[in-house]
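Structural description and commentary
Chain residues, written in single-letter form:
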Number of protein chains: 2
Amino acid sequence: MDVKFSIDRTSPVPLYFQLSQQLEAAIEHGELLPGTLLVNEIDLAGRLGLSRPTVRQAIQALVDKGLLVRRRGVGTQVVHSQVRRPLELSSLYDDLAAAGQRPATRVLDITAVPAPAEVAGALGVAEGTEVHRIERLRLTHGAPLAYLRNYLPAGRRPPARADLEATGLYRLMRAAGTTLHSARQSIGARAATPGEAELLDESPGAPLLSMHRTAFDDSGRPVEYGTHLYRASRYTFELQLLIRS
Amino acid sequence: MDVKFSIDRTSPVPLYFQLSQQLEAAIEHGELLPGTLLVNEIDLAGRLGLSRPTVRQAIQALVDKGLLVRRRGVGTQVVHSQVRRPLELSSLYDDLAAAGQRPATRVLDITAVPAPAEVAGALGVAEGTEVHRIERLRLTHGAPLAYLRNYLPAGRRPPARADLEATGLYRLMRAAGTTLHSARQSIGARAATPGEAELLDESPGAPLLSMHRTAFDDSGRPVEYGTHLYRASRYTFELQLLIRS
DNA sequence: GTCAATATATTGTCCTGACAAACTATTGAC
DNA sequence: GTCAATAGTTTGTCAGGACAATATATTGAC
């Protein structure tokens with residue numbers, strides 16, 4: 001029995017995207033089992049009334065996502081699952097919400113400060129330039145999980161306290177018209193200082209995960225710099241990556 | 001003055017790839033400055049004697065790499081640098097070598113052991129099944145940096161000690177015919193046990209970065225599982241990621 | 001001058017067609 | 001039986017053309 005796909009030519013959704021989504025759904029729902037060899041492109045195109053390039057574009061999208069593998073002379077195969085979503089700019093808030101953890105945010109401070117050297121370097125402004133600083137504590141199940149400190153260039157108005165308590169920062173920035181394009185992160189570890197320990201309900205010297213991130217917009221300008229501290233006892237970073245041969 | 005590209009039709013290298021590489025080189029060398037608007041696709045195609053789909057394919061590759069941004073009705077723009085290479089399966093050995101750190105590897109042990117539950121789960125075999133265990137210490141400048149423990153399914157022969165001291169594990173696996181496709185990593189932190197502290201030349205309780213990784217081949221089968229410990233005082237993970245809107 | 005309507009430029013999507021390259025399976029020679 | 005040559009299948013690359021969607025610049029009305 002073959003899985004049936006249906007293409008709606010009256011829809012404004014691009015044809016390749018329709019097919020791509022239906023293929024992805026079929027894989028996700030287990031209708032296309034791992035290891036399955038897909039129908040070849042030409043047949044698939046004929047069957048759906050599409051051209052081969054359109055079918056290829058749909059398949060290519062899933063290859064890029066890591067769900068399919070193509071081999072010349074062989075065919076296109078469903079990857080053996082376990083590979084879920086590829087790496088994206090993980091919004092801590094969204095990640096937790098997706099995991100059903102119902103995150104809470106306590107905004108500690110929103111204020112304008114002269115940029116320290118580290119922040120100035122990351123944001124590409126002169127040292128001492130005014131920037132917005134946002135300090136938050138993220139909690140799950142009533143216990144602190146992370147201490148988040150973000151710096152934004154002074155140009156725009158900083159997000160409102162109420163908004164920050166209701167959702168994640170990246171969502172707010174996107175809503176405010178900032179198009180995020182890429183980010184650099186560095187993840188390290190260090191021992192908690194007494195102040196950090198108290199804030200996070202840990203003992204001084206306890207191991208903490210530290211993450212520094214600079215986010216860039218379409219034109220490559222830095223739009224955010226954050227230095228975050230996570231309780232190692234309660235949090236790990238999960239990544240998934242594709243290997244480009 | 002326009003940057004000149006040259007396409008060699010007698011070469012076996014695909015045309016789109018030739019163009020893609022020359023574009024990338026021009027960006028890398030600063031001949032195409034960040035923010036520059038590229039010549040539009042149709043002109044570029046005509047100028048190079050290529051078809052528009054071929055030019056698009058070349059550009060698309062760099063968009064996927066995060067070097068270019070396209071906007072309908074506007075054009076294709078060079079991203080404002082700072083974004084270097086996207087995330088890949090970072091081989092610690094290669095990373096260090098690229099940074100000019102001249103890594104050294106001390107192979108502590110290569111042996112077959114019954115798989116503990118954690119390893120068995122990751123590799124998808126029954127608990128107690130024999131697997132190869134490789135224990136290594138990685139050093140730079142004569143000082144220990146990380147303690148690496150890898151598990152491989154027992155099917156293949158384990159790599160030779162001499163090879164492991166000369167290069168990285170992934171390179172060896174690739175050379176042995178394993179095609180790596182994707183990997184899942186989790187990065188956390190914890191305090192060093194006395195044994196770990198001694199091995200890594202740290203004090204007991206010092207913060208260590210821990211990384212667990214499962215690597216998969218084309219068909220989605222796990223081919224390697226590793227649990228690694230890094231000295232937080234000497235190492236951080238650097239990631240770079242693109243945001244899919 | 002300000003604003004809306006129009007024109008223009010550029011990428012996005014889609015089609016048809018063709019040949020090349022790589023892998024698999026079969027066939028045939030020995 | 002073993003190996004090499006051959007044929008068939010499937011994806012990879014490339015061409016050329018057409019129209020749509022979107023952003024920007026220009027024009028015109030008020």
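Residues numbered from 1 in each chain as written. Chains lettered and ligands numbered in written order. Predicted model: local features only at pLDDT ≥ 70, side-chain atom pairs only at ≥ 80, totals over all residues. Heavy atoms only, no water.

An unreviewed UniProt entry annotates chain A as GntR family transcriptional regulator of Streptomyces litchfieldiae.

In the neighbourhood of DNA strand C, 26 residues make up the surrounding shell, with A:R9, A:L15, A:S51, A:T54 and A:R72 lying closest. A share of 71% of the atoms of DNA strand C within 4 Å of the protein falls on sugar and phosphate groups. Within the side chain of A:S51, an N or O atom sits 2.8 Å from a phosphate oxygen of DNA strand C. Sorting the residues of the surface near DNA strand C by element identifies α1 (15-28) and α3 (52-65) of chain A together with α2 (41-48), α3 (52-65), β1 (68-71) and β2 (75-78) of chain B as the ones contributing at least two each. Take the surface near DNA strand C: its biggest share by element is 4 residues, from α3(A). Looking at the surface near DNA strand C residue by residue, the classes come out as 8 nonpolar, 9 polar and 9 charged. (Near = heavy atom within 4 Å. Polar contact = N/O pair within 3.5 Å; in protein donor to acceptor, adjacent residues only side chain to side chain. Helix = DSSP H or I, 4+ residues; strand = E, 2+ residues; numbered from the N terminus. Nonpolar A, V, L, I, M, F, W, Y, C, P; charged D, E, K, R; others polar.)

Residues in contact with DNA strand D amount to 26 residues; listed here are only the nearest, B:R9, B:L15, B:S51, B:T54 and B:R72. Of what DNA strand D places within 4 Å of the protein, 71% of the atoms are sugar or phosphate. For DNA strand D, a base nitrogen lies 3.4 Å from a polar atom in the side chain of B:R52. Within the side chain of B:R72, one N or O atom sits 2.7 Å away from a sugar or linking oxygen of DNA strand D. Counting only elements with at least two residues in the surface near DNA strand D, the list comes to α2 (41-48), α3, β1 (68-71) and β2 (75-78) of chain A together with α1 (15-28) and α3 of chain B. If you tally residues by element for the surface near DNA strand D, the top one is α3(B), at 4 residues. Considering only residue class, the surface near DNA strand D consists of 8 nonpolar, 9 polar and 9 charged.

As a further point, take the packing of aromatic side chains. Inspection of every chain in the model, using the stated rule, returns 10 aromatic pairs over all chains. Relative to A:F17, the ring of A:Y16 has its centre 6.3 Å away and its plane inclined at 80°; by these criteria the two rings are edge-to-face. Classification of A:Y16 by relative accessible area gives partly exposed; the value is 28%. A:F17 sits in the partly exposed class, given a relative accessible area of 35%. Aromatic pair B:Y230 and B:Y235: ring centres 4.8 Å apart, planes at 15°, arrangement stacked. Comparing B:Y230 with B:Y235 shows no difference in burial state: the two are buried. An aromatic cluster is present here, built from A:Y230, A:Y235 and A:F237 joined pairwise through their rings. (Phe/Tyr/Trp six-rings, centres within 6.5 Å; stacked < 30°, edge-to-face > 60°. Buried < 20%, exposed > 50% of the residue type's maximum accessible area, 1.4 Å probe, protein only.)

This part takes up the sheet that holds strand β7 (residues 207-217) of chain A. Taken in spatial order, the 7 strands of this open sheet run β3(A)-β4(A)-β5(A)-β8(A)-β7(A)-β6(A)-β9(B), and their pairing is antiparallel. The sheet is open, and its two borders are formed by β3 (104-114) of chain A together with β9 (237-242) of chain B, each paired with just one other strand. Direction aside, neighbouring strands of the sheet carry axes that sit 15° apart on average. Taken together, the 10 bridges between β3(A) and strand β4 (residues 130-140) of chain A define a ladder with antiparallel strand orientation. Bridging from a neighbouring strand, A:P114 pairs with A:E130 of β4(A). (Pairing = 2+ DSSP bridges. Axes fitted to C-alpha atoms, helices over the stretch in contact; angles between N-to-C directions.)

Note: interface size is frequently given as the accessible area lost on complex formation between the parts. Contacts between chain A and chain B engage 44 residues on the former and 44 residues on the latter. The contact between chain A and chain B buries some 4300 Å² in all, and 58% of this surface belongs to carbon and sulfur atoms. Here chain A and chain B share 0 salt bridges between them. The interface formed by chain A and chain B holds 2 residue pairs in polar contact (both at pLDDT 80 or more) in total. Elements supplying a minimum of two residues to the side of chain A that touches chain B: α3, β1, β6 (180-191), β7 and β9 (237-242) of chain A. Here the side of chain A that touches chain B gets 12 residues from one element, more than from any other, and that element is β6(A). (Contact = heavy atoms within 4.5 Å. Buried area = accessible area lost by both parts, 1.4 Å probe. Salt bridge = Lys/Arg side-chain N within 4 Å of Asp/Glu carboxyl O.)

What follows deals with the nonpolar core. Counting 24 residues, the largest nonpolar core has A:I187 and B:I187 as the members making the most contacts within it. Contributing elements (two or more residues each) for this core: β5 (143-153), β6, β7 and β9 of chain A together with β5 (143-153), β6 (180-191), β7 (207-217) and β9 of chain B. Look past the residues within four positions of A:I187 in its chain and what remains in contact with it is A:L209, A:S210, A:M211, A:F237, B:I187, B:L209, B:T236, B:F237 and B:L239. By size, the runner-up hydrophobic cluster in this structure holds 19 residues, among which are A:L38, A:L44, A:L48 and A:A58. (Core = buried A, V, L, I, M, F, W, Y, C linked by side-chain atoms within 4.5 Å.)

To characterise two packed helices, one gives the angle between the axes of the helices and the distance between these axes. Residues and elements named next belong to chain A. α3 packs onto α1 with a crossing angle of 45° between their chain directions and a minimal axis gap of 8 Å. In this view, α1 runs oblique relative to α3, as classed from their interaxial angle. Between α1 and α3 lies a crossing of right-handed hand. Where α1 abuts α3, its residues L15, Y16, L19, S20, L23 and E24 lie against T54, V55, Q57, A58, I59, A61, L62 and K65. (Parallel < 35°, antiparallel > 145°, perpendicular 65-115°, else oblique. Left-handed = near helix turned anticlockwise from the far one by under 90°.)

Turning next to the sheet that holds strand β8 (residues 222-231) of chain B. The sheet built from 7 strands is open, its strands ordered β9(A)-β6(B)-β7(B)-β8(B)-β5(B)-β4(B)-β3(B) with antiparallel pairing. Looking at which strands have only one partner, the edges of the open sheet turn out to be β9 of chain A together with β3 (104-114) of chain B. Strand-to-strand, the axes of this sheet are offset by a mean angle of 15°, without reference to chain direction. As paired strands, β7(B) and β8(B) are joined by 9 bridges and run antiparallel to one another.

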